Structure formats: structure tokens, C-alpha cells
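# Understanding the architecture of this molecule
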Amino acid sequence: MATTASHLPLCRQRFKFLLATTLAIIVASLSSLVPTATAVSVFDNKSCVEIKEDYDLRNIARDNNVFIVVHEAGEENSAARQHICNKLEVTPEERLEEAAEKGHGRRPTVFAFLEVKESSYDTDGQLQDGGKNFARSSLGVASFPSFMFLSGGMHKASRYSDYINHYSGETADGFDMSDLEKFIHKYTGFYLGNDVYNIIFFDIIASKFVSYGDAHGLNRLKQRGLALLVRFSTLFSYKEPFNSIGKLYNRAFAMSLEHGMDYAKDQTKRLEKKIESNQNNVSKSKLHELQQKMAILKSFSEPRELSDEDVRQIYTHSLLHVGLIVATILLFILPGDSEQSAEKVEEGEVINAIPVVAKIVDDDEYDENATKKAK
């Protein structure tokens, strides 16, 4: 029994350390960096800026990241650039600001293009190469069109090769723009365009949620549990578009619980009428906002048919989140070292409990030993 009791504190310490390590890994993976102040760009971040020479680019790249498109002159050669610039114009402002706070160097990204032209003489009779030499020798362009991301923070003595990341995918006529847009997202931190997003797993939960109808009793508790699962899933996410979309899902769950399962259907109809009546007056960003809200509400008003795999996903995620909560609670309620010491005292396990008998020293013997040492 004594051996078993002595092992208990050690087991507790190991278990507590394991819990702490597990929670640290989970929280580290869910948490993101706290937003900090960012440099304010003097350039229009929603329009593509033309650059013609080294000075133009260095001036932009001093305080901004730069995504650059290099292409030859001509309408047929600028299709990719026009596609990117058009999608940039309709990208929600909030998405750009969020990316600037958390992107490379906490800097906004300016989209720029260099149009390489044929060599010609200027008004002073000087031969101009049309930007070919700058594109090839400085920017490392090997073919047209070419795409690259230039990290900000450059100065007049900086080498472009130390700051540039080139897109290495296919760029031939009719190439897949989706790969290029993934490259842009990787370095800028946001997706181009005003695409409307849905989170499939949250749609599955929404379908299960409305399947109970305006429920009472046990089914009502199940609905609250599903709403809580979504809220917990969005708790540690600050990245866009997941953050703003998660808020819309949470609001839809909360309002449906408060006003009934017809809430989403009524709100969808109201937004459709609003868009139809103000289509010519509403801005592109506002229109995108309304369309995004409608997409989330339709997850509730037009629920999907759930498969067995969908239901398993809900149960699996629920168990994982419950496990995380339980592990967190256990971490705080397990007794610490001070509590374990107090328990030992209560049980009679006192430090130095075995008495030590002191040896009596004879004065004559002490004097004799001291005399011998002195000799």
C-alpha cells in the first residue's frame, strides 16, 4: 500500500503535464496572432497600378507588399492582368484590411503591372527598350506573362532577388487561373473577388438543426447543443473569410432559436426584395454583403438531405469538443503540489518524522582531541 501511495503524486503530475501539453497544442493551432497597427498605403489597394521603371516599383515596395503582373503590350496579352484587376475591384474592403493586419510584414498589398513594349526612341532621341531589360535582369522574368509577389520593406540598395517569389505554374494561353489565384492567396492572405462562401460542415449542422422544427424538451436541447457546437468551432478563428462567415452562422442559429425556424425563410425573402428594389443604387460591396447573408440563411431555409456520413461528422466533432472541454476542466481541478503536501500532513506523513538521537559529547574527550590536533 505504501508503494502505491507514493506513486500517486507522480502519476498525477504526469497526467497533468500530458493534459497541459495537449491543450497547448490545440490552442496554438486554433489561435492566431493578435492584430497590430499596420502601415497605411497611399496607393489605391483596389486598383492595379502601372509601373514603368525601377523607381516606380521601389517607391511602392518601400511600405507595401506588391503583386506584379508582367506582360507584353497588346489587348490579347493583357487578359490575365485584366482578370485579376477586375476581381480586385470587387473584393470586399474588409477582406483587404484583415489581410493587411495579418499578412507579410503587416503590410497592405498593392497590385501592379508592367507592360513590356517594343524598343523605341523617345523625344530626346534616346533608345528605350520598353522595360524588357528591367523585367529580365532585375525581376528575373523568363517568359510572358509572368507573375510574382514582392515583399515590402525594400530600399534603394535592396536586391529584387531577395524579396521576390515567382509563380511557377503554367502561364500559356488559356491557363487555369484558379492555380494563380491560390498563389495570390498564399502570399497576400486573401481571395480575390466577391465570391459567396458557405462552410459545408456548418450547413450540415444547420440542416440537422432545422429538422427538429420548433421543438420543445429534449429536441430543443439538441438544437441548443448544435448551435453551441458551431459557436465553439468559431471561437478561436480570426482569419477571413471564416471569421465573418462564422459570425453570420452564429447569428442565424441564435435568431432561429429566438424567433422560430421560419426566421431564415422570412429573412431570405426580405433580402431578395431589398436587392431587387435597390439593384441600381446599392454598391458592389453592399451587394456582396447581402448575397453572403442570403447564402447562409438558405442553409436553414433550404436544408440539405443528410447522409449517414454527415450525421457521423456531427457526432465526431461533438465528442472532440466535449473532450477538449473535459480536458480543460481536469487540468484546473487536479490537485497541485501544495495540495498534495497538505494531504501528506493530514495523513501523518511528516517530513523528518523519524527522530534522530544526538550523540552526547564529553568535555574531557573534546579537550583531549583538540590538544592532539594542535600538536
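A short tour of the structure in this document, coming up. Here the structure is a predicted model, which means the values were calculated and not measured.

## Side note on the pairing of strand β3 (residues 109–116)
- With seven of eight residues buried, β3 lies mostly within the body of the structure.
- Where strand β1 (residues 49–50) meets β3, two bridges bridge the pair, whose relative direction is parallel. Residue pairing in the sheet places V49 in a bridge with A112 of β3.
- Strand direction decides the pairing type here: strand β2 (residues 65–72) and β3, joined by eight bridges, are parallel. Directly across from H71, in β3, lies its bridge partner E115.

## A word on the nonpolar core
- By size, the foremost hydrophobic cluster in this structure holds 30 residues, and its most contacted members are F202, I205, F209, Y249, F253, F300 and I314.
- With seven residues, helix α7 (residues 200–211) is the largest single contributor of residues to this core.
- The residues contacting I205, other than those within four sequence positions of it, are L226, L229, V230, F253 and I314.
- Counting residues in hydrophobic clusters, the runner-up holds 21 residues, among them I60, V110, L114 and M154.

## Some words on the packing of aromatic side chains
- One pass over the full model with this rule turns up 13 aromatic pairs.
- Relative to F190, the ring of F111 lies with its centre 6.2 Å away and its plane at 50°, an arrangement referred to as tilted. Of this pair, F111 sits in strand β3 while F190 sits in the loop between α6 (177–188) and α7; the two residues are 79 residues apart in sequence, bridging distant segments of the chain.
- Through a chain of ring-to-ring contacts, the aromatic side chains of F67, F111, F147, F149, Y167, F183, Y187 and F190 assemble into a single cluster.
- Its guanidinium or amino end placed over the ring of F113, R81 lies 3.9 Å from that ring's centre, counting from NZ or CZ.

## Notes on the state of the cysteines
- Inspection of every chain in the model, using the stated rule, returns one disulfide.
- The disulfide partner of C48 is C85, and the S-S distance across this bridge is 1.9 Å. Handedness here is read from the sign of the S-S torsion; for C48 and C85, about -110°, the answer is left-handed. With a gap of 37 residues between them, C48 in the loop between α1 (2–30) and β1 and C85 in helix α3 (residues 79–89) connect regions that are remote in the sequence.

Criteria and thresholds
- Residues numbered from 1 in each chain as written.
- Predicted model: local features only at pLDDT ≥ 70, side-chain atom pairs only at ≥ 80, totals over all residues.
- Heavy atoms only, no water.
- Buried < 20%, exposed > 50% of the residue type's maximum accessible area, 1.4 Å probe, protein only.
- Helix = DSSP H or I, 4+ residues; strand = E, 2+ residues; numbered from the N terminus.
- Pairing = 2+ DSSP bridges.
- Core = buried A, V, L, I, M, F, W, Y, C linked by side-chain atoms within 4.5 Å.
- Contact = heavy atoms within 4.5 Å.
- Phe/Tyr/Trp six-rings, centres within 6.5 Å; stacked < 30°, edge-to-face > 60°.
- Lys NZ or Arg CZ within 6 Å of the ring centre and 35° of its normal.
- Disulfide = S-S within 2.5 Å.

Limitation: the analysis is restricted to geometry and does not speak to function.
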